Amino acid sequence: MDIKLEKKKGIQKKHIPYIAGGTLFLVLVGWIIFGNHASTLKVDSRRDQYRKRNAIPIQ
């Protein structure tokens, strides 16, 4: 005498947090793997002392 319930197809409301968490995780992993994490030091080219020192010929 029980009524047979049909299962819903597709994305249900309870699955949305899992999908959002998985997407966020994949984005973070992609950022870690493919991101540019090199340390950079910005130097003003007008104050480049290296070129000025090497322009003087050594005798």
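Presented here is an overview of the structure given in this document.

1. As for the overall build of the chain
The secondary structure content of the chain amounts to 2 helices and 0 strands. Counting the 59 residues in the chain, one finds 0% classified as buried. Taken as a whole, the chain presents about 7000 Å² of accessible surface, with 62% of it coming from carbon and sulfur.

2. Let's talk about a nonpolar patch on the surface
Residues Leu24, Phe25, Leu26, Leu28, Val29, Trp31, Ile32, Ile33 and Phe34 make up a contiguous nonpolar surface patch of roughly 1000 Å² in combined accessible area. One can find Phe34 in helix α1 (residues 16–34).

3. Some details on α1
If you check α1, its first and last C-alpha atoms are 27 Å apart, about what 19 residues at 1.5 Å a residue would give, namely 27 Å. The buried count for α1 comes to 0 of 19 residues, which makes it a mostly uncovered element.

Here is what the cut-offs are and how they apply
Residues numbered from 1 in each chain as written. Predicted model: local features only at pLDDT ≥ 70, side-chain atom pairs only at ≥ 80, totals over all residues. Heavy atoms only, no water. Helix = DSSP H or I, 4+ residues; strand = E, 2+ residues; numbered from the N terminus. Buried < 20%, exposed > 50% of the residue type's maximum accessible area, 1.4 Å probe, protein only. Areas by Shrake-Rupley, 256 points an atom, 1.4 Å probe, with all protein chains shown as cover. Patch = residues over 30% accessible without salt bridge, like charges linked within 9 Å, V, L, I, M, F, W, Y side chains within 5 Å. Salt bridge = Lys/Arg side-chain N within 4 Å of Asp/Glu carboxyl O. Expected span 1.5 Å × (residues − 1).

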